[in-house]
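Coordinate analysis (summary)
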Amino acid sequence: MNGDAADEAPDWDFSERDVAILEEVAANPGVSSRELADVLAAEYGIDVSHVTVSETLRKMRERGVFRDAIVPNEDYYVFGLFEFKFDPSNFADEWRSAMAYIRDDPHTLLYFLSDGEYQWKSVMMFPSREAESKWIHEFYKAHGAVVSNLRNHVVHNVLKFRTDPEMFRSLREE
């Protein structure tokens, strides 16, 4: 998503088969193309080869219809929600490099813009709270001129991190 085609909304017309594939992959990300072709036939009445399933998944992935991500178990890392409040006096000159710093940092799992007082938010992961604290210190040294405050919250007891297959059903309605 670093300024490439993935930043644009995908151009994709969803067929019933496409939506069924997305639902099933969301339910079981490790499903093979052969197994998926069997499920499509049995559950949806869609007769398609595993080669077609594989090709459809490849094309959807390439077009940005969905993204693959490897998210480690929270027992291996500490997660934090970071919120960045701007210093408007330096924003025009400094925002781009600060944004790239956060976006491209290996600790950043999810980075997004929002409304309100704290307009940049990120979910970040670190091997320890000490490493998280060091990152904050280094960030302020490099980009403190554009940020008037950085709030960080400890994320613990992650109770859900997945896309429910039912979310894709709305694509049939468009």
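We now turn to the structure provided with this report.

Rules of the game
- Residues numbered from 1 in each chain as written.
- Predicted model: local features only at pLDDT ≥ 70, side-chain atom pairs only at ≥ 80, totals over all residues.
- Heavy atoms only, no water.
- Pairing = 2+ DSSP bridges.
- Helix = DSSP H or I, 4+ residues; strand = E, 2+ residues; numbered from the N terminus.
- Core = buried A, V, L, I, M, F, W, Y, C linked by side-chain atoms within 4.5 Å.
- Buried < 20%, exposed > 50% of the residue type's maximum accessible area, 1.4 Å probe, protein only.
- Expected span 1.5 Å × (residues − 1).
- Contact = heavy atoms within 4.5 Å.

**Brief notes about the pairing of strand 1 (residues 78-86)**
When strand 1 meets strand 3 (residues 120-126), the two strands line up antiparallel, connected through 7 bridges. Residue pairing in the sheet places Leu 81 in a bridge with Val 123 of strand 3. Pairing of strand 1 with strand 4 (residues 147-155), which is carried by 8 bridges, proceeds in the antiparallel orientation. Following the sheet pairing, Lys 85 is matched in strand 4 by Asn 149.

**Describing the nonpolar core**
Judged by nonpolar contacts, the single largest core of 20 residues is most densely connected at Ile 21, Leu 22, Leu 36, Leu 40, Val 53, Leu 57 and Met 60. Top element by residues in this core is helix 1 (residues 16-27). It accounts for 6 residues. Phe 84, Trp 120, Ile 136 and Val 146 belong to the second largest nonpolar core, which has 16 residues in total.

**Quick notes on helix 1**
Taking 1.5 Å per residue as the helical rise, helix 1 with its 12 residues ought to reach 16 Å, and the 17 Å between its terminal C-alpha atoms agrees with that figure. Asp 18, Val 19, Ala 20, Ile 21, Leu 22, Glu 23, Val 25 and Ala 26 are the residues of helix 1 that are buried. Where helix 1 is buried, its residues touch helix 2 (33-44) and helix 3 (50-63).

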